[in-house]
Amino acid sequence: MRGFKKNMWLLAVVMLTGLWAVSPALAEDKPHYGGVLRVALAGDPPSLDMHQEQTFMVTIPMSTVYNTLVMFDPHQYPKIIGDLAQAWTVSEDGMTWTFTLHQGVKFHDGSELTSADVKASWDKIVFPPEGVVSTRKSLYQMVKSIETPERYTVVFRLHYPAASFLSMLAHPANFIYAKKYLDQDINWYKTHTMGTGPFKLQEYVRGATLEFKRNSDYWKKGLPYLDGAKYFIIPDTGARAKSIRAERTDVEFRGFAPVEVESITAQMGDKVMAAHPGQPAHWGIAVNVDKKPFDDVRVRQALSLALDRYEMVKTLGPLTGLDTIAGPMPPGTPWTLSPEELQALPGFGKDHEANLREAKRLLAEAGYPNGFQTVLTNRAVKLPYIDFGVYVVSAWKKIGVEAEHKLEESAAWSKSRLTRDFELLVDPFGFAAEGDPDEVMVKFTSSSPSNWGRFKDPMVDQLFERQKVERDAQKRAQLVHDMQKRVMDKAWEIVGLWWTRVEVRSARIHNYEPLPSHWMNRRLEDVWLSAR
Amino acid sequence: MWQYIVKRLLLMLPTLIGAALVVFLLMHVVPGDIALLIIGGDQGGDINPQELVKLRAQLGLNQPLYVQFFSWLWGVAHLNFGTSLWTGTSVMNEIMIRLPLSLEVAIAATVVSTLIAIPLGTIAAIRQDTWVDYVVRVVSIGGLAIPSFWAGILIILFLVIYFDWAPPLEFVSLFRHPWENLAQLIWPILSVGYRYAAVTTRMTRSTVLEVMREDYVRTAWAKGLRERAVVVKHALKNAILPVITIIGTEFAFLIGGLVVTETVFTLNGIGRFMVDAIAHRDIPVVQTLVLLIACVFVVVNLMVDLLYAWLDPRISYR
Amino acid sequence: MAIATRPARPGERPQALPRHHAWGAIGKFVRTKPLGAAGAAIIVLMALTAVCADLIAPYDVYEINQQLQFTPPSLAHWLGTDEFGRDVLTRIIYGARIALFIGLVSSFLGATGGAVIGVFSAYLGGKTDLWIQRLMDILLAFPLLVLALAIVTVLGRSIPNLIVAIAIPVIPRTARIVRSSALSAKENVYVEAARAVGSSHLRVMWCHIVPNIMAPFLIILTAQLGSAILTEAALSFLGLGTAEPTPSWGLMLSGGAPMYAEKAPWLAIFPGLAISLAVFGFNLFGDSLRDALDPKLRHRT
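Each value, and the rule that gives it
- Residues numbered from 1 in each chain as written.
- Chains lettered and ligands numbered in written order.
- Predicted model: local features only at pLDDT ≥ 70, side-chain atom pairs only at ≥ 80, totals over all residues.
- Helix = DSSP H or I, 4+ residues; strand = E, 2+ residues; numbered from the N terminus.
- Contact = placed C-beta atoms within 7 Å.
- Buried ≥ 20, exposed ≤ 12 C-beta atoms within 10 Å, placed from the backbone.
- Core = buried A, V, L, I, M, F, W, Y, C linked by C-beta atoms within 7 Å.
- Nonpolar A, V, L, I, M, F, W, Y, C, P; charged D, E, K, R; others polar.
- Domains from an automatic or database assignment.
- pLDDT = per-residue confidence, 0-100.
- Pairing = 2+ DSSP bridges.
- Right-handed = clockwise from strand over helix to strand, strands pointing away.
- Axes fitted to C-alpha atoms, helices over the stretch in contact; angles between N-to-C directions.
- Parallel < 35°, antiparallel > 145°, perpendicular 65-115°, else oblique.
- Left-handed = near helix turned anticlockwise from the far one by under 90°.

### Focus: the overall build of chain B
Along the backbone of chain B there are twelve helices and zero strands. Overall, chain B shows an N-to-C arrangement of helices and strands of α-α-α-α-α-α-α-α-α-α-α-α. In chain B, 74% of the contacts between residues at least 6 apart in sequence involve partners at least 24 apart.

### Some thoughts on the overall build of chain C
A count of helical and extended segments in chain C gives twelve helices and zero strands. Counting from the amino terminus, chain C carries its helices and strands in the arrangement α-α-α-α-α-α-α-α-α-α-α-α. Restricting the contact set of chain C to residue pairs at least 6 apart, pairs at least 24 apart contribute 70%.

### Some details on the environment of Trp335(A)
All names here are of chain A. Inspection of the secondary structure assignment puts Trp-335 in the loop between β13 (322–324) and α10 (339–343). Trp-335 gets classed as buried once you count the C-beta atoms within 10 Å, which come to 25. Taking the C-alpha atoms as reference points, Trp-335 and Pro-437, separated by 102 residues in sequence, lie 7.8 Å from one another.

### Things to note about the nonpolar core
One finds Met274(B), Val286(B), Val119(C) and Val146(C) to be the most contacted residues of the largest nonpolar core, which totals 333 residues. Top contributing element to this core by residue count: helix α9 (residues 201–237) of chain C, with 17 residues.

### Side note on the interface of chain A and chain B
Listed by partner, the interface residues are 42 residues for chain A and 36 residues for chain B. When contributions to the side of chain A that touches chain B are tallied by element, the ones reaching two or more residues are α6 (237–245), α13 (410–418) and β16 (424–430) of chain A. Ranked by residues supplied to the side of chain A that touches chain B, first place goes to α13(A) with seven residues. Taken together, the residues of the side of chain A that touches chain B break down into 16 nonpolar, 15 polar and eleven charged.

### Some thoughts on α13(A)
With respect to burial, α13(A) is a largely interior element, seven of its nine residues being buried. All buried positions along α13(A) are accounted for by Ala411(A), Ala412(A), Trp413(A), Ser414(A), Lys415(A), Ser416(A) and Arg417(A). Contacts from the buried residues of α13(A) go to β14 (372–379), β15 (401–408) and β16 of chain A, α2 (34–40) and α11 (270–280) of chain B together with α6 (144–155) of chain C.

### Thoughts on helix α8 (residues 297–305) of chain A
All names here are of chain A. Of all nine residues in α8, seven are buried; the element is thus mostly enclosed. Within the sequence span of α8, burial applies to Val-299, Arg-300, Gln-301, Ala-302, Leu-303, Ser-304 and Leu-305. On the buried face of α8, the contacting elements are β12 (272–287), α11 (352–366), α12 (382–397), β15 and β17 (493–506).

### Structural notes on the domain arrangement of chain B
Domains assigned within chain B are domain 1 (34–80) and domain 2 (91–311). A straight line from the C-alpha centre of domain 1 of chain B to that of domain 2 of chain B covers 38 Å.

### Examining the interface of chain B and chain C
Taken residue by residue, the interface counts 40 residues in chain B and 37 residues in chain C. Only α1 (2–29), α6 (131–145), α7 (148–163), α10 (227–265), α11 and α12 (283–311) of chain B provide two or more residues apiece to the side of chain B that touches chain C. For the side of chain B that touches chain C, the element with the most residues is α1(B), which contributes eight residues. Looking at the side of chain B that touches chain C residue by residue, the class counts come to 33 nonpolar, six polar and one charged.

### With respect to the confidence of the model for chain B
One rule of thumb: low pLDDT means the predicted coordinates there are not for detailed reading. Summarising the model, chain B shows a mean pLDDT of 80, and 90% of its residues fall at 70 or more. Ranking the elements of chain B by mean pLDDT puts helix α9 (residues 215–223) of chain B last, at 71, and helix α5 (residues 91–126) of chain B first, at 87.

### Thoughts on the pairing of β15(A)
Residues and elements named next belong to chain A. Among the eight residues of β15, six are classified as buried, and the element is accordingly described as predominantly covered. The pairing of β14 with β15 spans eight bridges and is classified as parallel. Opposite Phe-372, over in β15, you have Val-401 as the bridge partner. What joins β14 to β15 is α12, and the crossover it makes is right-handed.

### Topic: the pairing of strand β5 (residues 96–101) of chain A
All names here are of chain A. With burial as the criterion, only one face of β5 is covered, namely that bearing Trp-97, Phe-99 and Leu-101; the residues Thr-96, Thr-98 and Thr-100 on the opposite face remain uncovered. Relative to β5, strand β4 (residues 85–90) is paired through five bridges, and the arrangement is antiparallel. By the bridge assignment, Ala-85 is partnered in β5 with Leu-101. In textbook terms, the turn of a hairpin is the stretch between consecutive antiparallel strands, and for β4 and β5 this stretch comprises five residues, one of which, Gly-94, has a positive phi near 75 degrees. Strand direction decides the pairing type here: β5 and strand β7 (residues 153–158), joined by five bridges, are antiparallel. The residue of β7 that forms the bridge with Phe-99 is Val-154.

### Comments concerning the sheet that holds β5(A)
Hydrogen bonds along the backbone pair up the strands of a sheet, which may run parallel or antiparallel. Residue and element names in this part refer to chain A. In spatial order, the strands read β4-β5-β7-β6; together these four strands make up an open sheet with antiparallel pairing. The open sheet is flanked by β4 and β6 (143–150), the only strands paired with a single partner. Each strand of the sheet is rotated relative to its neighbour by a mean of 20 degrees, with strand direction disregarded. Contacts from helix α3 (residues 115–126) reach β5, β6 and β7, with the element oriented near 170 degrees to β6.

### Quick word on the packing of α5(B) against α6(B)
All names here are of chain B. Running from amino to carboxyl end, α5 crosses α6 at an angle of 135 degrees, the nearest separation of the two axes being 8 Å. Put simply, α5 runs oblique to α6. Both α5 and α6 take part in a crossing whose hand is left-handed. Facing Leu-120, Ile-123 and Ala-124 of α5, the residues of α6 in contact are Val-132, Asp-133, Val-136 and Arg-137.

### A closer look at the packing of α5(B) against α11(B)
Residues and elements named next belong to chain B. Their axes nearest at 8 Å, the elements α5 and α11 cross at an angle of 135 degrees. Judged by the inter-axis angle, α5 sits oblique to α11. Across from Ile-95, Arg-98, Leu-99 and Ser-102 in α5, the residues of α11 making contact are Ile-270, Gly-271 and Phe-273. Split into classes, the residues belonging to the contact of α5 with α11 amount to four nonpolar, two polar and one charged.

### Points about unusual backbone geometry
A cis geometry characterises the amide bond from Leu223(A) onward to Pro224(A), with omega recorded as -10 degrees. Tracing the backbone through its elements, the reader meets Pro224(A) in the loop between β9 (209–214) and β10 (228–233). Cis rather than trans, the peptide bond between Glu244(C) and Pro245(C) has omega equal to 0 degrees. Along the chain, the position of Pro245(C) falls in the loop between α9 and α10 (249–254). For Arg420(A), which is not glycine, the phi dihedral falls at a positive 60 degrees. Here Arg420(A) is to be found in the loop between α13 and β16.

### Looking at the confidence of the model for chain C
Residues and elements named next belong to chain C. Overall, the predicted model of chain C reaches an average pLDDT of 79, with 86% of residues at or above 70. Overall, residues 297–301 carries pLDDT values under 50, and its contacts beyond four positions in sequence, including any with other chains, amount to six contacts. On the interface metric, ipTM, the complex scores 0.78, and its pTM is 0.83.

### What about the environment of Glu180(B)?
All names here are of chain B. In this structure, Glu-180 sits in helix α8 (residues 178–213). Judged by C-beta crowding, with 14 C-beta atoms within 10 Å, Glu-180 ranks as partly exposed. In this structure, the C-alpha to C-alpha distance between Glu-180 and Leu-10, residues 170 residues apart in sequence, is 42 Å.

Rendered as structure tokens:
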């Protein structure tokens, strides 16, 4: 018996020693409470009301203070999960959506969130009253009404069975506000905060910092892990990159140019991680089809043929991040055109010499054997607008098209776009949520306000209307493919390149993966920092 | 004397109002407005025309021009400079957050450059046409030739490569942490100051040269006074007047010229604020800033003229 | 300017100026004012570069070359290439054209405009003078930035518009100085005499006032040349001047240079050197010219 006891003690000692040795390794994977995440932000949020703003400068800091009804799962994108909504059902005909809310969700002032708050917030977004702007209203034109039959139930009734409804609902900008304050002053949220989110706004020094501190009564128990988050406003890109290098900030949530990423990773090695989560934005060229000679499809096709996109990627990629070739729908989704489909379209074939010859032939056929002069209106921002414009202008010289590179600063460019005061226009478009065709392809319909060239193609319109209500995913994908091919075949818009976002973050940040759009996954509720 | 001051201050008014009016008209002539930027967002995405109209009405942009201008002017008379169209907070507030930093850089640059320039210019004048003079002249002309933003870029490049420097994220107040604050601001101050020093050096040199040729100086020499006595007591006192004018005028231009320095060094000052406000077409902010700069300009000119009169008893004002 | 003359003595014939006198004058200028001569040499060099740009530039200014992006200075590319693979030396050579053109035209326009206003203002006097003075004050107090932005956004970013934007601030500065000279010239007894005889205002201004303001006019003009080049660089840097892909020096310093400064420092160094050298040359020359013209002139800028 004595030998047995001795062996037991030995075993116990060994086990305990083993556990003690292993536990630090285990601790690494276990979330660690504490720490303040320091973020480099490119500019001041103009106001604090996301519903009325359209810039990431609001989304990135303010997402920490609010919840949304549903959201994209930050760890399993593009799956949509409930945030404030516990569950939901959709009717047979797809026109009624019923959401059941979590109970016991508290605003920062202690009051409970009910369906009335959800309705008040969504009414503001979909049916903005007098004196209130809702910048993304057109995404929700399918919503007929919002009802609250019970304290924790919200019902959305739609005009038509929209295939994109849930995706639009999950858009990160749809913060849920408190009805109490909206009733006091519909614009209260422009200068105040009151949400249900994991953090509260502690201090805002304009031009300098935004400080958020932990909401210890957050309704998702155990969260957040961080003590707080501090956003430093650093307008200059170079200075933002340097702040990461100097370890004064931990992450920059929008994206850096490739050259900045190079210098950061070269200096910091494995203290940082550079992620390439996807392509949320595209730069192409809008054509004003009411100005000669752009009403002639051959001219438009020639302009597209003259661009060797494979070469463009090599030149512009390392400079600007414009390094992905795809059609109007973003790469990496079921809607994306396959390489075979692409190569059949004008300007995407691999034989550039043949493309150039074809372009010149088309121009000659259209009556411009020696090319012509035109103006490319561009926004005066270096990356990637100006670089893109410089390349395109240089490429068109080869087919005899002499384009004057007209740079306008942002406000003037915006106006030129709106009033169609351009012949050719460098045209960015992108998505902030999932890149649903309703969000992206609506631009090519004849009635869309962002169809800057104002082209009218009934076939494109038809395809859009059909895909809007098509609930079968495969059939819908086919319709979207057809729509893209039609737009590119007729070269209504000259598709350029997609921009890859590169996000650089400190290796101390855990449980966080960047998503394609820089608007997403900014709540920080389950992100944690390891000790220095 | 007081009558003169009051008269000058009154004359200031049409200048200021004129400047504000010119700015107002310019900002309305220039294409694009703030509503487009707010609704368009970062990449200028979808612009819903109804929302655009609504926003313009909300910001008061659809009122007739004279109403907009006079209501702003009326506010100014009550020291209410309007509300920023971009943020919705008071313009005065926004400016006061940024003004101290710019003022500090401007004043420090003035002090530093004056302390360097006057002795340097005097020495160059006294030792005219010697190598000292040539060196000072070449250096100061060189200083004038270097674009200030280029100097800033080079300084930053140098600091980053050799000292692993990064621009400071938060500026500490001068009054609470003086040394740290100066350490943060020394580079922008130098970037702005060397040019200022160059101008002042040249002016000092040429005025001292002229004064040295005057009869009373030559008399002093003839009397056998030592060099220092001649220079300091006789020449400098009279030469200082145009130098003061230059310091004053340059200071006024400095405020406007802070823009490039603040851009390069990421300072949250009024220069950059002005650039942003213009880009956003935030009309009340731009008007107030222009008014502020014009005010500084006029007041500094007045102060210089008064100082002139005080120092030179030959000049008197009706 | 008074020229000493005496009546010809009988039998004397006027002597022709010996041909080597011109060279002699230059030699004298170089010896007495070496700095000014150095400045003049720089200016001449710049002018030659600008004029012969097509002949001496080794490569094409606009051609994009992906293989050559960011090559450091080498034998093939003395000053390296930029982010698009374009040769920096070529762009600097063509940039001299733009700098010289913009500098000369805008300072000339501004100085002449200001001089005209100054003369009229001084001559007409009274209320007109007062109002013109106020107007000049407003222009002077106006931040260049707002003005440049307005011009550029309304009219577009082109070289002629840039010239206007740079010329306008020169006008009030010139007007002020010219006005004070014109004021003292007006007191001259010749003016009264001319008016008494019945000469028109314009004639009086042209024959009697203008010659007296030539010296300060030339001084301002030369002083502004360098500053015009700097202003163009600053405006291009801020995005209000010339537009890509124009090879203007200021523009070369704005776009890629600060961002690529660590990777490709030659992009940040050479255009700045070019600007500095040019302005340096103009300032040196202008200084010596001013000394030569009227060393006693008190300058209240």
